[in-house]
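Architecture at a glance
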Amino acid sequence: MAGTDEQAAGSCNQELVNPIISMGLQYSGILLTSHILQILLKPLGQASPIVQILAGFLMGPSGFSRIHAVENFFIQSYNPGYYEFMALIFRTIIMFLIGLETDFPYLMRNIRPASIIACGSSLACTFFASAVTFLVFQETASQGSSFLMALMIIITLANAASPIVVRVAADLKFGTSETGRLAISSSLIADAYSVFLLFILSKWRSATVAKWIFFLFLYFIIVGIVIVINMYLANWLNRRNRNKKYLGNTEIFVLVAILYIAAMALEQLGFSSIIASFLIGSMFPRGGKAARTLLIKLTYPIHNFIFPIYFGNHGFRANVSKLKNLRNFMVFSILILSSIGGKIVGTLAACFHLKIPYREGVLLAFMMNLKGHVDMLALTIGLTNDLVLSQNFYDVMIATVIVNTLIWGPIVAFMVRRESDIIGYRQIYFESHSPESELRILACVHSPRPVATMLGLVAASRGPREVPLTPYLMHLVELPGKKKTNLMYNQREDDELSDEDDYGGNDVVEINDAVDIFTSETGLLVHQIKAVSPFSRMHADVCNTAEDIRASIIVLPFHKHQRIDGKLENDKQGIRTTNQKVLRHAPCSVAMLIDRGLTAGSLNPSGSDSLQHIAILFFGGPDDREALGFSKRLGMDHHINLTIIRFLPSSSRGQIAGVNIAQKTDDVLMAISNDEVEKEADSAVLADFHSRYVVTGQIGYVEKVVENGAETASALRDMAEMYSLFIVGKDGRGHSILTTGMSDWEECPELGKVGDFLASPEFDISGSVLVVQQYRPSKNDDDDDDKQ
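One structure accompanies this document, and this report is about it. (Residues numbered from 1 in each chain as written. Predicted model: local features only at pLDDT ≥ 70, side-chain atom pairs only at ≥ 80, totals over all residues. Heavy atoms only, no water.)

1. Section: the packing of helix α10 (residues 178-203) against helix α16 (residues 358-368)
At their nearest, the axes of α10 and α16 sit 10 Å apart, and the two run at 40 degrees to each other. Judged by the inter-axis angle, α10 sits oblique to α16. Seen from above, α10 lies across α16 with right-handed handedness. Along its contact with α10, which presents Thr179, Leu182, Ala183, Ser186, Ser187 and Ala190, the element α16 presents Glu360, Leu363, Leu364, Met367 and Met368. Partitioning the contact of α10 with α16 into residue classes produces seven nonpolar, three polar and one charged. (Axes fitted to C-alpha atoms, helices over the stretch in contact; angles between N-to-C directions. Helix = DSSP H or I, 4+ residues; strand = E, 2+ residues; numbered from the N terminus. Parallel < 35°, antiparallel > 145°, perpendicular 65-115°, else oblique. Left-handed = near helix turned anticlockwise from the far one by under 90°. Contact = heavy atoms within 4.5 Å. Nonpolar A, V, L, I, M, F, W, Y, C, P; charged D, E, K, R; others polar.)

Here's what the structure looks like:
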């Protein structure tokens, strides 16, 4: 009976400690540890992937699992198959989400520099890996194929873990910078190189060249079929759910199931599904409910649960106690130095060829040295298939991957803080900004009413068709005071997991529909953001978002809307307060749109051949120069007839030639009053504008000679029905004679004298008004009572 009881107890214990339970408890421990460390280390500026790898490292045989009881419970001999299956599930959905979030047009535009950087770093690491393979083979007492060992070392050294690079760049807030986007693009291409070598590694023993070609052809056929299926299925689902906010869970399950079926099929054929999942995600149809719902449904669980477990599991596998052996430690040191040397030499050589500044090149090299993705898969394949018979080799390689990332992750964070002057947020002044440069617009709306006009303005400001435009539409939703929840714009918004979807009501459906129609007609992808917060701190959400996305300009809706009878009616006072605070604290230029409704469709040049007339009212001063610079892009649209109307006192008729301010000495400048400096700056900007755009016939130019504000007002009334949009700077050159007396009926000082007059009930026009304010650094240090 005693023996029977012992057997029963042993059977019960075996049932309790089975692979599923132990794996679940291990993942739970990693998840808990990673979140605790995140709370502790985030104030120090550490990126989440590094913290998550460290959490797994501490839970593994290098940390708590060195305790015998913990080791017996967490590290089971029959677990590896379960871990690898879960890793496949995780990396498939991770790469799909990365593809869905990737700026694929940017990748295609910059494929040459990204490829040169990726190839430079990968080829240098290939050379270093080939040079040390013989030594590693000897020192780890390995048996088997030295060529296959060389392949595994090359993959390990050459790989740049794109999921880690993406998350590090996002957490350190430079993922939208040129350096960050170039690092992400280069890491994806380096991943593709490593995956190709991984295919050779897995097929080396069982395939001929003819079979390799056949398998590669089959690979692209499967990926292409899935992309086409997703294209038609997503469009059908968008039409089927026309009156809904998002797709249902069943429909999302079908889309994800198609992804996993394709991934499993490729894995069965001996391929890694990493690049296939990324391609399927990046080619998924954008601008509809399907893509929007996938982003919402996947972002939160992947960032908060899958990433910590996936990265933590990598750290869990590292065992630095194996490095106590002198030979193993020597091999480890050689591999670390080879990885660093290969990445730095190759990346800096590529950056020198591309004329990228040295400091940015060093940061790119360190970003490309982050590991823990394809390399771990290569080592798993080698260990499972006994490609190289040496446990020492695998222990040293895994420790190399993890320790390398734990070393360089904090160094990257330190460099990002130190090099903020080259990769930090740079304010753009449109008066000196080339219309051939990328434009990032953050358009804000409180309701669906101004969305069409906002999107029309976005489309019209695109400039030359080959110039990139990145528009963001931010839905600002008031959070009622009685609510205790503060849900930020990047949180999930589905019925099952969050109550944020309750905020915004049916406005969300109307805004989404307007954006989808706009995207289908113009081909411009609009990134949507929702901010739910009280009016008292809504301006902080707008300004923080503008800084995160590196916006060139923020476009705000006026706090009044047009009624059916044409009169402007006040909205909530909180909207006006938010606008005033954004104008004071904005990290970039700000424009305020007074939408009179009739331009809702006229500014949208999608398929319409009608010619729209837009006027730039130029009185002088930095805000007017900013409005003039922003308007350059509007003048390049063939659906728009743009005219500069310069208001001058009678004594200044015809003065557009300007003065070359750069030729004046500092002594002369000191003697010139601020007003004279502004006049010369105005003349210089207008002279350049005139020679580039007016002389060539792209933009019209008219002068209005007036004596005072009354004549200015009269001139504006005369042209009231001639234009569908008026663009003007907020403030002119202080107390100008051209606007004297116009402030007598001032109602909205935040619009400036001219803008307030154009928005006043006394000025009856049918056109909309855009009031532009240039970025003002001093305004960011305003009253403390406005800071939340």
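2. Some remarks on the side chain of Ser631
Following the sequence through the fold, Ser631 ends up in helix α24 (residues 622-635). Each residue touching Ser631, except ones within four places of it in the same chain, is listed here: Ile616, Leu642 and Ile727.

3. Side note on the pattern of salt bridges
Side chains that carry opposite charge are capable of pairing whenever their charged atoms lie near each other. Tallied over the full model, the rule gives 18 salt bridges. A salt bridge links Asp541 to Arg537; its shortest N-O distance comes to 3.9 Å. Pair noted here: Asp541 and Arg537 are both in helix α22 (residues 535-548), with a separation of four residues, about one helical turn. (Salt bridge = Lys/Arg side-chain N within 4 Å of Asp/Glu carboxyl O.)

4. A few points about the packing of aromatic side chains
Enumeration over the complete set of coordinates arrives at 20 aromatic pairs. Relative to Phe271, the ring of Phe199 lies with its centre 4.9 Å away and its plane at 5 degrees, an arrangement referred to as stacked. With Phe199 in helix α10 and Phe271 in the loop between α12 (249-268) and α13 (274-282), this pair connects stretches of sequence that are 72 residues apart. Taking relative accessible area as the criterion, Phe199 reaches 6% and is therefore assigned buried. Plain terms: the ring middles of Phe619 and Phe647 are 4.5 Å apart, the flat faces sit at 10 degrees to each other, and that makes the pair stacked. Pair noted here: Phe619 is in the loop between β10 (612-618) and α24 and Phe647 is in strand β11 (residues 640-648), with a separation of 28 residues, a long-range link. Its relative accessible area of 8% is what places Phe619 among the buried residues. Residue classification places Phe647 among the buried positions, given a relative accessible area of 1%. Here the aromatic residues Phe199, Phe214, Phe215, Tyr219, Phe220 and Phe271 are joined through ring pairs into a cluster of three or more. (Phe/Tyr/Trp six-rings, centres within 6.5 Å; stacked < 30°, edge-to-face > 60°. Buried < 20%, exposed > 50% of the residue type's maximum accessible area, 1.4 Å probe, protein only.)

5. Some remarks on the side chain of Thr293
Along the chain, Thr293 falls in helix α14 (residues 289-317). Among the polar contacts made by the side chain of Thr293, one reaches the main-chain carbonyl oxygen of Lys289 at a distance of 2.5 Å. Beyond its immediate stretch of four places on either side in the chain, Thr293 contacts Tyr246, Leu247 and Ile252. (Polar contact = N/O pair within 3.5 Å; in protein donor to acceptor, adjacent residues only side chain to side chain.)

6. Quick word on the sheet that holds β10
Reading across the sheet, the 10 strands line up as β5-β4-β3-β6-β9-β14-β13-β10-β11-β12 and stay open at both edges, with mixed pairing between neighbours. Of all strands in the sheet, those with a lone pairing partner are β5 (527-533) and β12 (700-705), marking the two edges. The mean angle between the axes of side-by-side strands here comes to 20 degrees, regardless of whether they run parallel or antiparallel. Strand direction decides the pairing type here: strand β3 (residues 439-445) and strand β6 (residues 553-557), joined by three bridges, are parallel. Residue pairing in the sheet places Leu442 in a bridge with Ile554 of β6. Set on the sheet, α22 makes contact with β3, β4 (469-478), β5 and β6; between it and β4 the angle comes to about 165 degrees. Packed onto the sheet, α24 meets β3, β6, β9 (589-594), β10, β11, β13 (725-729) and β14 (768-773) and runs at close to 145 degrees relative to β13. (Pairing = 2+ DSSP bridges.)

7. Here we look at the pairing of β4
Among the 10 residues that make up β4, nine are buried, leaving the element largely enclosed by the rest of the structure. Both β3 and β4 contribute to a ladder of seven bridges, which runs parallel. Residue pairing for β4: Ala443 is matched across the bridge by Leu473. Across seven bridges, the pairing between β4 and β5 is parallel. When the sheet's bridge partners are listed, Glu478 is paired in β5 with Ser533.

8. Things to note about the packing of helix α9 (residues 162-171) against α10
Angle between the axes and distance between the axes are the two parameters that describe a pair of packed helices. Packing of α9 against α10 brings their axes to within 9 Å, and their N-to-C directions diverge by 170 degrees. Relative to α10, α9 is oriented roughly antiparallel. Note on element contacts: α10 touches α9 through Ala183, Ile184, Ser187, Leu188 and Asp191, opposite Ser162, Pro163, Val165, Val166 and Ala169. Each residue belonging to the contact of α9 with α10 can be placed in one class, and the counts come to seven nonpolar, two polar and one charged.

9. Some points on unusual backbone geometry
One non-glycine residue, Lys173, lies in positive phi territory at about 60 degrees. Here Lys173 is to be found in the loop between α9 and α10. One non-glycine residue, Lys355, adopts positive backbone phi at about 60 degrees. Note that Lys355 resides in the loop between α15 (326-354) and α16.

Shape is all these values report; function is a separate question.
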